[in-house]
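# Understanding the architecture of this molecule
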Amino acid sequence: METTAQRKQRNIALDLLRVIAIFLVLWQHSSEYYYIGDHLTLTNYPDTFTIGFFNSLSRSCIGLFVMISGYFLLPMKDSTPVFFRKRFTRILFPWLFWCIAFAVYYMFYRGDSISQCLLNIAHIPVNWGVEVGHLWYIYMLIGLYLLIPILSPWIKSSSKREMQIYLGIWGVTLFLPYIHMIYPNVLGECTWNQSPMLYYFNGFVGYLILGSYFRKYGVWSTFTAAMMLLIGYAATVYIFNTRISTVEDVVDLEIPWDFCVINVAMMVIGIFSLVSKLEFKKQNWMTRLIVDISLCSYAMYLSHIMLLNLYHDLLDGISSSELVKIPLIACCTFITVYLIVKLLSYLPKSKYWLGTD
């Protein structure tokens, strides 16, 4: 557990960003009961159109998490062996624990057999063991950690202009999901080449470097950040809602909700810039709570699906409107999973298997 002195040195605004990000994750997952059908088909709930307004902001969650990682981890402050030991100890052991926990959980929740449970556990090195989709994030995070020792020397020596050029090229890749709707193969893509011209600039690594850039050179002005957030949100809602009647499955519908698409990136940058400007000069119950939830956020991310399913089963019949049920399920899950993780954090060696800092 952290000491009082360590907490005083924390950047509370970045802790608040973690809290916002984990809440948005729960909000997004709460909504998925109401527009995703079997085999990723699109359901026809009456409120599906309104979910575009209600839910688009939540897609900024993963970009926020990755930017926070880049802010703190780039450039590396430790040697490569020390860095890997610290980071992988923190994420791998809890991840393995919760992969196994979900395999056991599904024996009770959906009736998996013991043999299926053991098969799911054996499958962990291949892909997240059981069909718990949110665990994709851990594989991506491990990949970014493996890249950090390679990026660090460049981050240390690069100028502001050089970082801007890289981020500009990454910005171009954020349009590719839309370009692919018109031209399926561009810039060298074909069946025998899966790494076209901008392949090495694409994806979450841009958020990682952007987080480091903001720490080094500062975030955008309040006005610019607010405009980015509003324009990004409006574009996301518009594109999502205009596609509902034209697509047949969730994969096509969620193109404007891709984590690495321009409108979502605008929301991420806007939120990060606005929140990171906040100053918390006094320690009080609110700042202590923010830090505490932040410290529990990784464990909350790993474990929340169990409680999400519970609250969905309990609360689904409470109203006919998804606009009532989604926030209710999300808030109940957020509060409960935090309290449970907090209680479990008092157990011996909990940080090694639970995922708390």
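Residues numbered from 1 in each chain as written. Predicted model: local features only at pLDDT ≥ 70, side-chain atom pairs only at ≥ 80, totals over all residues. Heavy atoms only, no water.

## Section: the overall build of the protein
Using the following cut-off: Numbering of helices and strands runs from the N terminus, with a helix taken as a DSSP run of H or I at least four residues long and a strand as a DSSP run of E at least two residues long. Within these notes, the globule rule equals 2.2 Å times the number of residues to the 0.38 power, and the radius of gyration is based on C-alpha atoms. Whether two residues are in contact is decided by their heavy atoms, any of which lying within 4.5 Å being enough. Shrake-Rupley sampling with a 1.4 Å probe provides the accessible areas, and residues are treated as covered by the protein chains on show and by no other component. Neither His nor the chain ends contribute to the count of charged residues, in which Lys and Arg are positive and Asp and Glu negative. One atom stands in for each charge, and that atom is NZ of Lys, CZ of Arg, CG of Asp or CD of Glu.
If you tally the helices and strands in the protein, you get 16 helices and zero strands. For 357 residues, the compact-globule formula gives about 21 Å, and the C-alpha radius of gyration of the protein, at 21 Å, lands near that figure. When its C-alpha atoms are laid out on the principal axes, the protein stretches across 55 × 55 × 45 Å. Pairs at least 24 residues apart make up 81% of the contacts formed inside the protein by residues separated by at least 6 positions. About 17,300 Å² of surface is accessible on the protein, with carbon and sulfur atoms providing 66% of the total. Distance between charge centroids for the protein: 19 Å, based on 25 positive and 21 negative side chains.

## What to know about the side chain of Arg87
Here is the rule we go by: N or O atoms within 3.5 Å of each other form a polar contact, as long as, within protein, one can give a hydrogen and the other can take it, and as long as residues adjacent in sequence are counted only when both atoms are side-chain atoms.
Note that Arg87 resides in helix α5 (residues 80-109). Polar contacts involving the side chain of Arg87 include one to the side chain of Tyr145, which spans 3.2 Å. Residue contacts for Arg87: discarding those within four places in its chain leaves Leu73 and Tyr145.

## Re the packing of helix α7 (residues 136-157) against helix α14 (residues 285-315)
Just so we agree on the cut-off: Axes, fitted as lines to C-alpha atoms, cover a helix only where it is in contact. Angles between the N-to-C directions of the axes lie from 0 to 180 degrees. Comment on the angle field: the value is read as roughly parallel under 35 degrees, roughly antiparallel over 145, roughly perpendicular from 65 to 115, and oblique elsewhere.
Two elements in contact, α7 and α14, have axes whose closest approach is 10 Å; the angle formed by their N-to-C orientations is 135 degrees. The angle between α7 and α14 falls in the class oblique. The segment α7 lies against α14, with Trp136, Tyr137 and Ile138 engaging Tyr298, Tyr301 and Leu302.

## Brief notes about the side chain of Ser56
This is how it is decided: Between buried and exposed lies partly exposed: a residue is buried under 20% and exposed over 50% of the maximum accessible area for its type, with that area taken using a 1.4 Å probe on protein chains only.
On the secondary structure map, Ser56 appears in the loop between α3 (48-55) and α4 (61-73). Judged by its relative accessible area of 0%, Ser56 falls in the buried class. A polar contact is formed between the side chain of Ser56 and the backbone oxygen of Gly52, at a distance of 2.6 Å. Within the structure, Ser56 has its side chain in polar contact with the side chain of Trp257 (distance 3.1 Å).

## So, α14
To keep it simple, the criterion reads: Here the expected span of a helix is defined as 1.5 Å times the quantity of residues minus one. Bend is the name given here to the angle between axes fitted to two runs of seven residues, the run ending at a residue and the run starting at it.
Helix length check: α14 (31 residues) gives 31 Å between terminal C-alpha atoms against 45 Å at 1.5 Å per residue, more than 12% under. Its maximal kink placed at Ser303, α14 deviates by approximately 55 degrees. Of all 31 residues in α14, 23 are buried, a share of seventy percent or more. By the N-cap criterion, in which a side-chain oxygen at the helix start approaches the backbone nitrogen of a residue two or three places on, α14 is capped by Asn284, the distance to Met286 being 3.0 Å.

## Some words on the packing of aromatic side chains
Inclusion rule: Pairs were defined over the aromatic rings of Phe, Tyr and Trp, the Trp ring being its six-membered one, requiring ring centres within 6.5 Å. Orientation was assigned from the angle between planes: stacked under 30 degrees, edge-to-face over 60, tilted for the rest. Only when the NZ atom of a Lys or the CZ atom of an Arg is both within 6 Å of the ring centre and within 35 degrees of the ring normal do we say a charge sits over the ring.
The final tally for this structure, using the stated rule, is 33 aromatic pairs. Taking the centre distance of 5.7 Å and the plane angle of 55 degrees together, the rings of Phe83 and Phe84 count as tilted. Note on Phe83: relative accessible area 4%, which makes it buried. Both rings, one in Phe102 and one in Tyr105, keep their centres 6.1 Å apart while their planes meet at 85 degrees; by these two values the pair is edge-to-face. Of the two residues, Phe102 and Tyr105 are both situated in helix α5; the distance of three residues between them amounts to about one turn of the helix. Every member of this aromatic cluster is reached through a ring pair, and the members are Phe65, Trp136, Tyr137, Trp170, Phe204, Tyr207, Phe259 and Tyr301. Sitting above the plane of the Phe259 ring, Arg59 keeps its charged end 4.7 Å from the centroid.

## Some points on the nonpolar core
Definition in use: Buried residues of nine kinds, namely Ala, Val, Leu, Ile, Met, Phe, Trp, Tyr and Cys, make up a nonpolar core once their side-chain atoms join them within 4.5 Å.
Ile62 and Tyr207 are the most contacted members of the largest nonpolar core, which totals 107 residues. Residue contacts for Ile62: discarding those within four places in its chain leaves Trp136, Tyr137, Met140, Phe204, Phe259 and Tyr301.

## Some words on the confidence of the model for the protein
Selection criterion: Residue-level confidence of the predictor is what pLDDT reports, using numbers from 0 through 100.
Within the protein, residue pLDDT values average 90, and 95% of them lie at 70 or more. A low-confidence stretch, residues 1-7 stays under pLDDT 50, and its non-local contacts, those more than four residues away or across chains, total 13 contacts.

## Quick word on the state of the cysteines
As a reminder of what qualifies: Our working definition of a disulfide is a cysteine sulfur pair at a distance within 2.5 Å.
Going through the model one piece at a time under the given rule, you end up with zero disulfides. A disulfide-free cysteine, Cys99 has its sulfur positioned 12 Å from the sulfur of Cys117, the nearest such atom. Classification of Cys99 as buried rests on a relative accessible area of 1%.

## Describing the packing of helix α2 (residues 12-31) against helix α13 (residues 262-276)
Cut-off, in case you're wondering: Crossing handedness: left-handed means the near helix sits turned counterclockwise from the far one by under a right angle, and right-handed means the same turn made clockwise. Residue type decides the class: Asp, Glu, Lys and Arg count as charged, Ala, Val, Leu, Ile, Met, Phe, Trp, Tyr, Cys and Pro as nonpolar, and the leftover types, Gly among them, as polar.
Following both chains from N to C, one finds α2 and α13 inclined at 140 degrees, their axes separated by 9 Å at the closest point. Taken together, the axis directions place α2 and α13 in an arrangement best described as oblique. The handedness of the crossing between α2 and α13 is right-handed. Along its contact with α2, which presents Ala13, Leu14, Leu16, Leu17 and Ile20, the element α13 presents Ile271, Phe272, Val275 and Ser276. The class makeup of the residues in the contact of α2 with α13 is eight nonpolar, one polar and no charged.

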